[in-house]
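Each chain, letter by letter, is given below.
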Amino acid sequence: MKDKTTEIFRDAPVPKAVISNVIPSIISMIMVLVYNLADTFFIGQTKNAYMVAAVSVATPAFLLFMAIGMLFGIGGTSLISRTLGEGNAQKAKNASSFCFWTGLGIGIISMVAVFFAAVPVSMAVGASADTVGYASQYLRIVSTAIPFLIISNSFSNIIRAEGNAQVAMMGMIIGNLINIVLDPVMILGFGWDVAGAAIATVLGNVFAAVFYIRHLLSKKAMLSIHPRYFLAGNGIASGVLAIGIPASLNSILMSLSNIVVNNIMAGYGDMAVAGLGVAMKVNMIVVMLLIGLGTGIQPILGYCFGAGNRKRYLDVLKFSLILAFGLSAVMTVICYCGADPLVHAFLEDADAFAYGMSFARIYIYSGPVIGLMFVFINAIQSAGAAIPALILSVSRQGLIYLPVLFLFRQIFHSATMLAAAQPITDYLTTALSVVLFVFTYRKYFPKEAVTKPVKNSISDQPERSHAVS
């Protein structure tokens, strides 16, 4: 009997295969977006712009640990989907167990480090004398959820590689709904302010991680986190890290670039920092939806690549590009026209609101092309092309964004023009992603590639265990 992965990834019509994987992925990203907006919204209801600025400043540090989850999530998804395309179920289980236990170990170490160094970390990411107390309080509490954050972020991606997009979506929905429901209760009801937002974040990540663990321990899962499957050799660690590190670097550089721009923006005052943080939240409405589209198609592309199915790979890519452009255009118009009420929902202070409105409309200029960029990024990752993925990862928020940011700072001496560095960067990165994809496709997926016969289905594969050394 065919397994679910083979049915959807290999046999379903392209539109159905793409939509059935993209919709759960987009819904997951919407929940992440709502959670992010809810934190800022309910903190904003305290009418304390310093608290809004503190949470905005703390966000890049939090994103650094999400990047670790992305390392194992994207790297694991790329390797596992290609491995399943080749019909090797055993190696897929080895990879999922490796991602779980290695991520958990890193998470525990990070939790201890951040808990005891919350104040210096807050200062390093741009907190001022007025916001460092709030920011360090938020980080110290959130640090306790780092192991769960890494697990939930890893397996919200990895579970999609086995064809269980709906399970991946449900974990995200459960975690984020818990966070969203608890935010007003803890921030406003209990009057815990920033601490309330942090506690809600912790509980949301704990429940999401537990949901994924429960699935992976059940008979419904094709993958496994059992220690007996843990294996770093046989190309597993290198296969995960080859794509995971570039994907993680992109998130790390995004966090570092946010830290840099927060520190620069602090020269214009805490209200400018608060306005920038809210503008980034508004821009996330477009970005998160399109990230969801990109991550949704990666397992399908990876499976087609592993199976050597060149025609289906291209058909999936073409359909996804058309879908991404249409969604980008629609969301850009919605967010540009709706910037006023969106920013006003988070900021009452007149100066902060003025900054937020200006920044939000500048950030959204990258909307029309950013969907194409995320499709090409995921297409490159699906092929396991480590070098192109690395180049693209260090370029967007590093080699391209930082020089553009510092150049604009020297030329314009304006907070508004500093924000314009991001859309300029996104257009340049989109062009680079096209070039790198063409290179990747020609090098890693040659014309003479033919569809490989798929080995026995997952359910027919014999199980072999590997002891942890």
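Reading the values: rules and limits
- Counting from 1, residues in each chain are numbered in the order their sequence is written.
- Whole-chain, interface and lining totals are the exception, using all residues; otherwise, since this is a predicted model, local features are given only for residues with pLDDT of at least 70 and side-chain atom pairs are given and counted only at 80 or more.
- To get the side-chain values, take all heavy atoms of the structure and skip hydrogens and water.
- Helix numbering and strand numbering both begin at the N terminus, where a helix is a DSSP run of H or I of at least 4 residues and a strand a DSSP run of E of at least 2.
- The reference for a compact globule is 2.2 Å times residues^0.38; the radius of gyration itself is calculated from the C-alpha atoms.
- In this scheme, a residue with accessible area under 20% of its type's maximum is buried, one over 50% is exposed, and one in between is partly exposed, where area comes from a 1.4 Å probe on protein chains only.
- Contacts: residue pairs with any heavy atoms within 4.5 Å of one another.
- Here the Shrake-Rupley method, with its probe set to 1.4 Å, supplies the accessible areas, and only the displayed protein chains count as covering residues.
- Positive charges come from Lys and Arg alone, negative charges from Asp and Glu alone, with His and the N- and C-terminal ends not counted.
- A charge is said to be at NZ when it belongs to Lys, at CZ for Arg, at CG for Asp and at CD for Glu.
- Whenever a helix is involved, its axis is fitted only over the stretch in contact; in every case the axis is a line through C-alpha atoms, and angles between N-to-C directions fall within 0 to 180 degrees.
- To sort the angles, those under 35 degrees are grouped as roughly parallel, those over 145 as roughly antiparallel, those from 65 to 115 as roughly perpendicular, and the leftovers as oblique.
- When the near helix sits turned anticlockwise from the far one by under a right angle, the crossing is termed left-handed; a clockwise turn instead gives a right-handed crossing.
- Under this grouping Gly is polar, as are all residues other than the nonpolar Ala, Val, Leu, Ile, Met, Phe, Trp, Tyr, Cys and Pro and the charged Asp, Glu, Lys and Arg.
- A carboxyl oxygen of Asp or Glu within 4 Å of a side-chain nitrogen of Lys or Arg is what we treat as a salt bridge.
- Pairing of aromatic side chains requires ring centres within 6.5 Å, counting the rings of Phe and Tyr and the six-membered ring of Trp. Pairs whose planes differ by under 30 degrees are stacked, by over 60 edge-to-face, and all others tilted.
- We call a charge positioned above a ring when the Lys NZ or Arg CZ atom is no farther than 6 Å from the ring centre and deviates by at most 35 degrees from the ring normal.
- The pLDDT score gives, residue by residue, the confidence of the prediction method on a 0 to 100 scale.
- Excluding any residue in a salt bridge, patches collect residues exceeding 30% relative accessible area, merging like charges within 9 Å and nonpolar Val, Leu, Ile, Met, Phe, Trp and Tyr side chains within 5 Å.
- Only buried residues count toward a nonpolar core. Its members are Ala, Val, Leu, Ile, Met, Phe, Trp, Tyr and Cys residues joined through side-chain atoms within 4.5 Å.
- Polar contacts, as counted here, are pairs of nitrogen or oxygen atoms within 3.5 Å of one another; within protein the pair requires one atom able to donate a hydrogen and one able to accept it, and residues that are adjacent in sequence qualify only if both atoms are side-chain atoms.
- To estimate how far a helix should extend, the number of its residues minus one is multiplied by 1.5 Å.
- For this quantity, the arc is that covered by the directions from the helix axis to the C-beta atoms.

Across its full length, the protein holds 18 helices and zero strands. Taking 2.2 N^0.38 as the reference for a compact globule, 469 residues should give roughly 23 Å; the C-alpha atoms of the protein span a radius of gyration of 22 Å, in line with that estimate. Along the three orthogonal principal directions, the C-alpha set of the protein runs to about 65 × 40 × 35 Å. Looking at the protein as a whole, 60% of its 469 residues are labelled buried. Pairs at least 24 residues apart make up 86% of the contacts formed inside the protein by residues separated by at least 6 positions. As displayed, the protein offers around 17600 Å² of accessible surface, 70% of which is attributable to carbon and sulfur atoms. Between the centroid of the 28 positive side chains of the protein and the centroid of its 19 negative side chains there is a distance of 14 Å.

Taken N-terminus to C-terminus, the directions of helix α8 (residues 165–189) and helix α9 (residues 193–216) make an angle of 160°; their axes are 8 Å apart at the nearest point. Here α8 lies roughly antiparallel to α9, going by the angle between them. In the crossing of α8 with α9, the sense of the turn from one axis to the other is right-handed.

Helix-helix packing is characterised by the crossing angle of the two axes and by the distance between the axes. The N-to-C vectors of helix α3 (residues 49–85) and helix α10 (residues 236–265) enclose an angle of 160°; their axes lie 7 Å apart at closest approach. Accordingly, the angle class assigned to the pair α3 and α10 is roughly antiparallel. When the axes of α3 and α10 are compared, the crossing they make is right-handed. Residues belonging to the contact of α3 with α10 are distributed by class as follows: 19 nonpolar, 11 polar and one charged.

Now for the pattern of salt bridges. A complete count under the given rule lists three salt bridges for this structure. We note a salt bridge from K311 to D315, for which the minimum N-O separation is 2.9 Å. Here D315 and K311 lie together in helix α12 (residues 310–337), a separation of four residues that amounts to about one turn. You can call D315 partly exposed: its relative accessible area is 28%.

Turning our attention to the environment of R214. By secondary structure assignment, the location of R214 is in helix α9. R214 gets classed as exposed once you look at its relative accessible area, which sits at 66%. Through-space distance from the C-alpha of R214 to that of V125 is 36 Å; in sequence the pair is 89 residues apart.

Position of F437 relative to the elements: it lies in helix α18 (residues 421–444). Spatially, the C-alpha atom of F437 lies 9.7 Å from that of Q381, the residues being 56 residues apart in sequence. Leaving out residues up to four positions away in the same chain, F437 has contacts with Y313, L317, F376, A379 and I380.

A complete count under the given rule lists 14 aromatic pairs for this structure. Note on F72 and F98: the rings are 6.3 Å apart at their centroids and 65° apart in plane angle, and the pair reads as edge-to-face. In this pair, F72 is assigned in helix α3 and F98 in helix α4 (residues 89–116), connecting sequence segments 26 residues apart. Assessed through its relative accessible area of 2%, F72 is described here as buried. Residue classification places F98 among the buried positions, given a relative accessible area of 6%. Taken together, the ring pairs connect Y313, F376, F437 and Y441 into an aromatic cluster. In this arrangement the basic side chain of R361 is found over the ring face of Y336, its NZ or CZ atom lying 4.7 Å from the centre.

Below, the discussion takes up the confidence of the model for the protein. Considering every residue of the protein, the mean pLDDT works out to 85; 94% of them sit at 70 or more. Taken element by element, the predicted model of the protein shows its lowest mean pLDDT in helix α1 (residues 4–11) (71) and its highest in α4 (93). Under a pLDDT of 50 for its full length, residues 449–469 has, in the predicted model, 46 contacts with residues more than four places off or in other chains.

Moving on, we get to a nonpolar patch on the surface. A surface patch of nonpolar side chains, amounting to about 400 Å² of accessible area, comprises I108, V112, F115 and F116. Within the fold, I108 resides in helix α4.

Here we come to the nonpolar core. Core analysis: the largest hydrophobic core is formed by 148 residues, its most contacted members being F155, M265 and Y313. It is helix α11 (residues 270–307) that provides the largest number of residues to this core, a total of 23 residues.

As for its position among the elements, S136 is in helix α6 (residues 132–142). A distance of 2.8 Å separates the side chain of S136 from the backbone oxygen of V132, its partner in a polar contact. When near neighbours in sequence (up to four residues on either side) are disregarded, S136 contacts A118, V119 and S122.

Looking now at helix α2 (residues 14–44). For α2, with 31 residues, the first-to-last C-alpha span of 44 Å sits near the 45 Å given by 1.5 Å per residue. Burial analysis of α2 places 22 of its 31 residues in the buried class, which makes it a mostly covered element.

Backbone geometry places D193, a non-glycine residue, at a positive phi of 55°. Of note, D193 is situated in helix α9. Phi is positive for H413, close to 55°, though the residue is something other than glycine. Relative to the elements of secondary structure, H413 occurs in the loop between α16 (386–412) and α17 (415–419).

Looking at α6, one finds that the buried residues are V132, A135, S136, Y138, L139 and V142. For α6, the angular spread of buried residues about the axis comes to 160°, placing them on one side. Residues of α6 that are buried sit in contact with α2, α3, α4, α5 (118–124), α7 (146–161) and α9.

Another point: the side chain of T430. With respect to the helices and strands, the residue T430 is situated in helix α18. Here D426 takes part through its backbone oxygen, which lies 2.8 Å from a polar atom of the side chain of T430.

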